[in-house]
Amino acid sequence: ATVERISYFLKGYDLVGPGIDSRTTVFFNPHKTSDKVVRDLDSASVELVWISSKREDADRKIVHRISQEMAVLSPANTSFVLISSDKDFRNQIKLLTSAGYQVYVIHDARHENWKLSLEMHATKAFKWMDVIDLKDDDLKNYRTDSNSSTSGDGVGVSPGKHRREIEKAKAA
């Protein structure tokens, strides 16, 4: 349900939906993530990137992925959505916006200076709870709308417009 809630929220900003090529990627440690969560993400067509238990492995892989995407995607047609409360990504956010990309940050930063650090260079920032705290009626409407006009997973696909979602999952 979390992936649906995120997709529903992003649809309101035209970051997913009909005519938009999008990808959701979760960087996760399989030893810290339940089988049910992995199955739910897989069934929602989320790309799963395994990370090791090494310190900062997820950060390195996310930074590498951002660099790869920047090398092939035009800033005019590409937005990045970073879901993370890790202030270490402020340099990537600044790099992306300086290069002309739209960058949306969804976070649960608990310290004001972390929040400000994440939001400083973002196009727009949102609090995690504001994104996932949707009413069930909203989700029912989203399911109805998305099933009639998209590929079935709530995300429409077409060449030309590119949107990338990069999510760092910290599973308990």
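As a reminder, the structure under discussion sits directly above these lines.
Cut-off values and rules
- Each chain has its residues counted from 1, following the order in which its sequence is written.
- Predicted model: local features are reported for residues with pLDDT of at least 70 only, side-chain atom pairs are reported and counted for 80 or more only, and whole-chain, interface and lining totals are derived from all residues.
- Side-chain measures here rest on the full set of heavy atoms in the structure, leaving out hydrogens and waters.
- Any residue under 20% of the maximum accessible area for its type is buried, any over 50% is exposed, and the rest in between are partly exposed; the area is computed with a 1.4 Å probe on protein chains only.
- Counting from the N terminus, the helices are the DSSP runs of H or I reaching at least four residues and the strands are the DSSP runs of E reaching at least two.
- It is the directions from the helix axis to the C-beta atoms whose arc is reported.
- In what follows, a contact means two residues having at least one pair of non-hydrogen atoms within 4.5 Å.
- Salt bridge criterion: a side-chain nitrogen from Lys or Arg within 4 Å of a carboxyl oxygen from Asp or Glu.
- Two strands qualify as a pair provided DSSP detects at least 2 bridges between them.
- Lines fitted to C-alpha atoms define the axes, with helix axes restricted to the stretch in contact, and inter-axis angles between N-to-C directions lie between 0 and 180 degrees.
- Comment on the angle field: the value is read as roughly parallel under 35 degrees, roughly antiparallel over 145, roughly perpendicular from 65 to 115, and oblique elsewhere.
- Ten residue types, Ala, Val, Leu, Ile, Met, Phe, Trp, Tyr, Cys and Pro, are classed as nonpolar, four, Asp, Glu, Lys and Arg, as charged, and the remainder, Gly among them, as polar.
- Here is the rule: rings of Phe, Tyr and Trp (six-membered ring for Trp) pair when centre to centre is within 6.5 Å. Planes less than 30 degrees apart are stacked, more than 60 are edge-to-face, and the remainder are tilted.

We now examine helix α4 (residues 90–98). One full turn of an α-helix is made of 3.6 residues, so residues set three or four places apart face in the same direction. Among all positions of α4, only Gln92, Ile93 and Leu96 are buried. When α4 is viewed along its axis, its buried side chains cluster within an angular range of 100 degrees and face the same direction. Residues of α4 that are exposed and point over 90 degrees away from its buried face: Asn91 and Ser98. Structurally, α4 contributes buried residues whose contacts are with α3 (57–72), β3 (78–83), β4 (102–107) and α5 (112–119). Of the residues one or two after α4, glycine 100 is the one with positive phi, at around 100 degrees.

Tallied over the full model, the rule gives nine salt bridges. Notably, a salt bridge pairs glutamate 56 with arginine 55, separated by 4.0 Å at the nearest N-O pair. By relative accessible area, which is 69% here, arginine 55 ends up exposed. A salt bridge links lysine 61 to aspartate 57; the shortest N-O distance between them is 3.4 Å. Of this pair, lysine 61 and aspartate 57 are both found in helix α3, four residues apart, which corresponds to roughly one turn of the helix. A relative accessible area of 30% places lysine 61 in the partly exposed class. Residue classification places aspartate 57 among the buried positions, given a relative accessible area of 10%. Put simply, Arg23, Glu47, Arg65 and Glu69 are held in one network by salt bridges that share partners.

Attention shifts here to the pairing of strand β1 (residues 21–28). Most of β1 is tucked away, with seven of its eight residues classed as buried. Bridging between β1 and strand β2 (residues 47–50) involves four bridges; their strand directions are parallel. Of the residues in β2, the one forming a bridge with valine 26 is leucine 48.

Attention shifts here to unusual backbone geometry. Although it is not a glycine, aspartate 14 sits at a positive phi angle of roughly 55 degrees. Positionally, aspartate 14 belongs in the loop between α1 (2–11) and β1. A positive phi angle is found at serine 45, which is not glycine, with a value near 60 degrees. Judged by its relative accessible area of 49%, serine 45 falls in the partly exposed class.

In this section: the packing of α3 against α4. Their axes nearest at 11 Å, the elements α3 and α4 cross at an angle of 5 degrees. If you check the angle between α3 and α4, you find them roughly parallel. Where α3 approaches α4, its residues Val63, Ile66 and Met70 are matched on the opposing element by Gln92, Leu95 and Leu96. In the contact of α3 with α4, the residues fall into five nonpolar, one polar and no charged.

Think of a pair of aromatic rings as described by two things: how far the centres are apart, and how the planes are tilted against each other in angle. On inspection of all chains with the given rule, the structure shows five aromatic pairs. A ring pair is formed by phenylalanine 80 and tyrosine 101, whose centres lie 5.3 Å apart and whose planes are at 80 degrees; its orientation type is edge-to-face. Highlighted residues: phenylalanine 80 in strand β3 and tyrosine 101 in the loop between α4 and β4, separated in sequence by 21 residues. A single burial state applies to phenylalanine 80 and to tyrosine 101, both of which are buried. Grouping aromatic residues by their ring pairs yields a cluster made of Phe9, Tyr13 and Phe126.

Nothing here speaks to function; it is all geometry.
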